[in-house]
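Per-entry structural report
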Amino acid sequence: MKEERTAAPTAPVAEEVGRLYDRMTDIAADFLGDDARQGYNAHLGYWDTPDSELAYDEATDRLTDVMLERLRIGAGDRLLDVGCGVGAPAVRIARLTGASVTGISVSREQIARAEALARETPFPERLDFGVADAMELPFPDASFDAVMALESMCHMPDRGQVYREMRRVLRPGGRIVATDFHGRSASPSPDRLALQRTMGSTTVRIDDYPQLMRTSGLRFLELRDITDETLPKSFAFLAERADRLRFEFDDTEAACFYNPRSVIDVPALGYLLVVAQRPLDD
Ligand SMILES: C[S@@+](CC[C@H](N)C(=O)[O-])C[C@H]1O[C@@H](n2cnc3c(N)ncnc32)[C@H](O)[C@@H]1O
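This is a predicted model, so every value here is computed, not measured. (Residues numbered from 1 in each chain as written. Predicted model: local features only at pLDDT ≥ 70, side-chain atom pairs only at ≥ 80, totals over all residues. Heavy atoms only, no water.)

**Things to note about the sheet that holds strand β5 (residues 170–183)**
Strand order in the open sheet made by the seven strands is β3-β2-β1-β4-β5-β7-β6, with mixed pairing throughout. What marks the edges here is a single partner per strand, and that holds for β3 (127–131) and β6 (219–225). With direction set aside, neighbouring strand axes in the sheet form an average angle of 15°. For strand β2 (residues 100–105) and β3, the ladder comprises five bridges, and the chain directions are parallel. Looking at the pairing, Ile104 lines up with Gly130 of β3. The strands that helix α3 (residues 88–97) touches are β1 (78–82), β2, β3 and β4 (144–149); relative to β3, the one it contacts most, it runs at about 160°. Relative to the sheet, helix α4 (residues 108–119) contacts β2 and β3, its axis offset from that of β3 by approximately 165°. (Pairing = 2+ DSSP bridges. Helix = DSSP H or I, 4+ residues; strand = E, 2+ residues; numbered from the N terminus. Axes fitted to C-alpha atoms, helices over the stretch in contact; angles between N-to-C directions. Contact = heavy atoms within 4.5 Å.)

Below is the structure:
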């Protein structure tokens, strides 16, 4: 990754998303509070059962672990984290497995934070972060044992292109585990359209996912609708925190992100988990 570290993201959409996350990096840390100063998960929480009493930060780690359970990696393996945020999921997985993790993001601010987080671990040599665009991954063919994309696919201008790139850099037999947003209503609400415009985010139809995997040359293994385990409690937490802190958003795009009550039409939005594999004979 070393020489790619300074490479600028190429596609205009990626640049916009990168700039948004640059602005969001400190705002998100302030919003999430003292525990987030070092590093934080920039993804939703996962509660296994409706009566689970996990706190929000525990539930976001739980979602990382739900991904990890499916990655099938261990000590010495190489994992690529596509859209790595400030590196918290990568650090957690490296700690729990002994694997080496490379994380990429289109936000320079996020990568600077991720690198600082890596330096504070006892295993910095197993962590590598860099600015890169998932549409054109700057890695040789078959250079990873597994690839994950935790809540980043919604920003990709072309999901098929990104999955094909993931397949290329994955060794035959290696797994891809991703989460993604799916639309549950035929006509998106104006609020959700606003989110899509400002965040460069799109949703897919969950029923289209198996075909998306197959046309990307992947063996489709698992698709789960995890809306109920994630969205209601996550959005309730974020909206409640925004209310309680009377958080002053002077950046409307950031407000879209951390004040979901104002923007997201919850019943229309779904969240999914998908697992695929590069065929062994590929
Ligand atoms: C919601 S955050 C999730 C971050 C991280 N996976 C986590 O769970 O903490 C979305 C991430 O996707 C990244 N991203 C968006 N578009 C990207 C692209 N084209 N290439 C690489 N990363 C991208 C953003 O920079 C950000 O890091």
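So, next bit.
**Quick look at the site of the ligand**
The ligand sits among 21 residues. The nearest are Ala42, His43, Gly83, Gln110 and Leu150. At 2.5 Å, a side-chain N or O of His43 approaches an oxygen atom of the ligand. Here Gly85 contributes a backbone N or O atom positioned 3.1 Å from an oxygen atom of the ligand. A total of three residues in the shell around the ligand trace back to one element, the largest contributor, which is helix α1 (residues 12–32). (Near = heavy atom within 4 Å. Polar contact = N/O pair within 3.5 Å; in protein donor to acceptor, adjacent residues only side chain to side chain.)

**Let's talk about the side chain of Asp81**
Mapped onto the elements of the fold, Asp81 is located in strand β1. Buried and unpaired, Asp81 has no salt bridge, with Arg92 as the nearest side chain of opposite charge at 12 Å. Ignoring anything within four residues of it in the chain, the contact list for Asp81 reads Pro89, Ala90, Val101, Thr102, Gly103, Ile104 and Met148. (Buried < 20%, exposed > 50% of the residue type's maximum accessible area, 1.4 Å probe, protein only. Lys, Arg positive; Asp, Glu negative; His and termini not counted. Salt bridge = Lys/Arg side-chain N within 4 Å of Asp/Glu carboxyl O.)

**Points about the packing of aromatic side chains**
This model, assessed by the stated rule, comprises five aromatic pairs. Pairing Trp47 with Tyr56 gives two aromatic rings, centres 6.3 Å apart and planes at 40°, and the pair type is tilted. Of the two residues, Trp47 and Tyr56, both sit in the buried class. Ring geometry for Phe181 and Tyr271: centres 4.9 Å apart, planes at 50°, overall tilted. Placement of Phe181 in strand β5 and of Tyr271 in strand β7 (residues 269–277) is noted, with a sequence separation of 90 residues between them. On the basis of relative accessible area, Tyr271 is assigned to the buried category, the value being 0%. Connected via pairs of aromatic rings, a cluster forms that spans Trp47, Tyr56 and Phe237. (Phe/Tyr/Trp six-rings, centres within 6.5 Å; stacked < 30°, edge-to-face > 60°.)

**Let's talk about the environment of Gly87**
Tracing the chain through its elements places Gly87 in the loop between β1 and α3. Its relative accessible area of 0% is what places Gly87 among the buried residues. Put simply, Gly87 and Asn41 are 46 residues apart on the chain and 7.9 Å apart in space, counted from C-alpha to C-alpha. When residues no more than four places from it in sequence are discounted, the contact partners of Gly87 are Ala114, Leu117 and Phe129.

In short, the description is geometric, and any link to function would need to be established separately.
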